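Topology and contacts: notes
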Amino acid sequence: MCGSVLCPRWRQLSEPADQVVWVDLLTQREFEQGFGSHTPMYSGQTKCVRYYMNFNRAMSLAKECLLEKGHAYDAQNCEVGLGSDDKQEAVRRAKTALELYTIIGQDSWVVVPLHSLLKEQKQEQQHDNATPTSNGNIQSSSSSSSSFKRVSDVTVAPGCIEGTRLTLVKVPNQPDAVEFSIRTPVTPPRWKEFDAELEYGWERLINAMISGNKAATAAAILCYGYYWYNFMPLARGTAAVGYTTMLGLFWAAEMPITQPIPKDYQVDWEAILARHPQQFIERLAQWFIPEQACPPAPAAPAAASISPSSSNSPMASPRSSDAGSSSGKGQHAALIAAAKQLPDVESLPAVNQALGTIKQRFNALNGPDAKPV
């Protein structure tokens, strides 16, 4: 777990002006009230430059969750029902944030339910441990010890945990203006659920690495990243820390990542807008997963059946080219050789010994030729 501890420290040092703080280390009042991230995609008449690219997918997911539950929730976590079939049909046809807000009629939010691998494993264990009763019914050997209901118990289905909230709120002092955003309230019950999910994910990752199964290891790393992104445990920097941790884990598994992030692509949003970790894995498998962790490619077709333009197709995978494959293997070998030349981490001095002041750390990060901005 040391990567999850060290990476936030690196994120804080890389930008001292950002408050990179674990949310559970805030004041008790802030933590219990649900301190969380808030990222608008669309606000008033403004398309947020960094995140509007995710608007259409987020809007489709919001409508999907809304229609599935049959209601949204207001600021007091009370249900806001859709009511008639006409309203549900109107939700399906809605294209803009304002149209959807008008149908619901007030500030509201829906939650993205996340499939829980931990709960799935526990359910399988309960099924295995279940015993038939005298009348032939199945009785579980375990029972719940508490009837306390949290918000997430009501807003998500059994076998799921509470993901990100997709919110629609009226922009004050602007006619016909609404904000469509994601919000992630990090409350103590939610923290406990994700802490257990990440602990289980870490155990799965270690077991996969011990087995030597590259594909299983890659999937376990991405599952861990998926729950980290949806957890949002830092006041700032969760996305950068999550991506850096995944890069480090792939490096530790001797599968260094060599592909850059594609243009107009945000890895954390791929997790936030996915209801199941497998969806996240499939999206990143298109470019992120190293070649040695991918399943073997099917046999090549006969030369006569290959289209001359197939290798130049915009949908063609970069791994489908022999040249790309040999180049990737060469890069991998070079990276492994370079890694072996690095000094042992334990022999390196602590940062505060080598770079005692903030100015020295800035100079080290920016390089000796950096000029004032």
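Before reading on, note that the structure itself is shown above.
This report concerns the structure included in the present document. (Residues numbered from 1 in each chain as written. Predicted model: local features only at pLDDT ≥ 70, side-chain atom pairs only at ≥ 80, totals over all residues. Heavy atoms only, no water.)

1. Observations concerning the nonpolar core
The nonpolar side chains of a soluble globular protein tend to be buried with one another. Formed by 77 residues in total, the largest nonpolar core has its most connected members in Leu166, Phe180, Leu222, Val267, Phe280 and Phe288. Among the elements that take part in this core, helix H9 (residues 214-231) stands out by supplying eleven residues, more than any other. For valine 267, the contacting residues outside a window of four places in its chain are Tyr229, Tyr243, Met246, Ile261, Phe280, Leu284 and Trp287. (Core = buried A, V, L, I, M, F, W, Y, C linked by side-chain atoms within 4.5 Å. Buried < 20%, exposed > 50% of the residue type's maximum accessible area, 1.4 Å probe, protein only. Helix = DSSP H or I, 4+ residues; strand = E, 2+ residues; numbered from the N terminus. Contact = heavy atoms within 4.5 Å.)

2. A short note on the side chain of threonine 164
The topology assignment puts threonine 164 in strand E8 (residues 160-170). Setting aside chain neighbours within four positions, we find threonine 164 in contact with Val110, Val111, Val112, Ile182, Arg183, Thr184, Arg190, Asn230 and Ile272.

3. Here's the deal with the packing of helix H3 (residues 55-69) against helix H4 (residues 85-93)
Here H3 crosses H4 at 165 degrees, and the two axes come no closer than 9 Å. Taken together, the axis directions place H3 and H4 in an arrangement best described as roughly antiparallel. In terms of crossing hand, the pair formed by H3 and H4 is left-handed. Along its contact with H3, which presents Lys63, Leu66 and Leu67, the element H4 presents Gln88, Val91 and Arg92. Residues that form the contact of H3 with H4 fall into these classes: three nonpolar, one polar and two charged. (Axes fitted to C-alpha atoms, helices over the stretch in contact; angles between N-to-C directions. Parallel < 35°, antiparallel > 145°, perpendicular 65-115°, else oblique. Left-handed = near helix turned anticlockwise from the far one by under 90°. Nonpolar A, V, L, I, M, F, W, Y, C, P; charged D, E, K, R; others polar.)

4. Digging into a negative patch on the surface
A contiguous patch of negative charge on the surface is contributed by Asp24, Asp195, Glu199 and Glu203. One can find glutamate 199 in helix H8 (residues 188-211). (Patch = residues over 30% accessible without salt bridge, like charges linked within 9 Å, V, L, I, M, F, W, Y side chains within 5 Å. Areas by Shrake-Rupley, 256 points an atom, 1.4 Å probe, with all protein chains shown as cover. Salt bridge = Lys/Arg side-chain N within 4 Å of Asp/Glu carboxyl O. Lys, Arg positive; Asp, Glu negative; His and termini not counted. Charge placed at Lys NZ, Arg CZ, Asp CG, Glu CD.)

5. Observations regarding the packing of aromatic side chains
Each aromatic ring pair is characterised by the separation of its centres together with the angle its planes make. By the definition in use, this model includes 17 aromatic pairs. Note on tyrosine 226 and tyrosine 227: the rings are 5.0 Å apart at their centroids and 75 degrees apart in plane angle, and the pair reads as edge-to-face. Of the two residues, tyrosine 226 and tyrosine 227, both sit in the buried class. The class for tyrosine 226 is buried, based on a relative accessible area of 0%. The rings of Tyr243, Phe250, Tyr265, Trp287 and Phe288 are connected pair by pair, giving a single aromatic cluster. (Phe/Tyr/Trp six-rings, centres within 6.5 Å; stacked < 30°, edge-to-face > 60°.)

6. Comments concerning the pairing of strand E5 (residues 108-115)
Looking along a regular strand, one sees the side chains alternate between the two faces of the sheet. For E5, the tally of buried residues reaches eight of eight residues, placing the bulk of the element in the interior. A two-sided burial pattern is seen for E5, the buried positions comprising Ser108, Val110, Val112 and Leu114 on one face and Trp109, Val111, Pro113 and His115 on the other. Two elements, E5 and E8, share seven bridges in a ladder whose sense is antiparallel. In the strand pairing of E8, histidine 115 is matched with cysteine 160. (Pairing = 2+ DSSP bridges.)

7. Concerning the side chain of glutamate 197
Secondary-structure assignment places glutamate 197 in helix H8. In this structure glutamate 197 is buried but unpaired, with lysine 119 as the nearest side chain of opposite charge at 7.2 Å.

8. Comments concerning helix H5 (residues 97-104)
Side chains of residues three or four places apart in an α-helix project in the same direction, reflecting 3.6 residues per turn. By the burial criterion, the buried members of H5 are Ala97, Leu100, Tyr101, Ile103 and Ile104. Mapping the buried residues of H5 onto a view down its axis gives an arc of 160 degrees, with all of them on the same face. Glycine 105 sits one or two positions beyond H5 and adopts a positive phi of about 90 degrees. (Arc of directions from axis to C-beta.)

9. Points about unusual backbone geometry
A positive phi angle, close to 55 degrees, is found at methionine 232, a residue other than glycine. The residue methionine 232 is located in the loop between H9 and helix H10 (238-252) in this model. Phi is positive for glutamate 254, which is not a glycine, with a value near 60 degrees. Turning to its location among the elements, glutamate 254 is positioned in the loop between H10 and helix H11 (267-272). Residue classification places glutamate 254 among the exposed residues on the basis of a relative accessible area of 52%.

10. Considerations on the pairing of strand E9 (residues 178-186)
Among the nine residues in E9, eight count as buried, and that is most of the element. Relative to E9, E8 is paired through six bridges, and the arrangement is antiparallel. By the bridge assignment, threonine 167 is partnered in E9 with serine 181.

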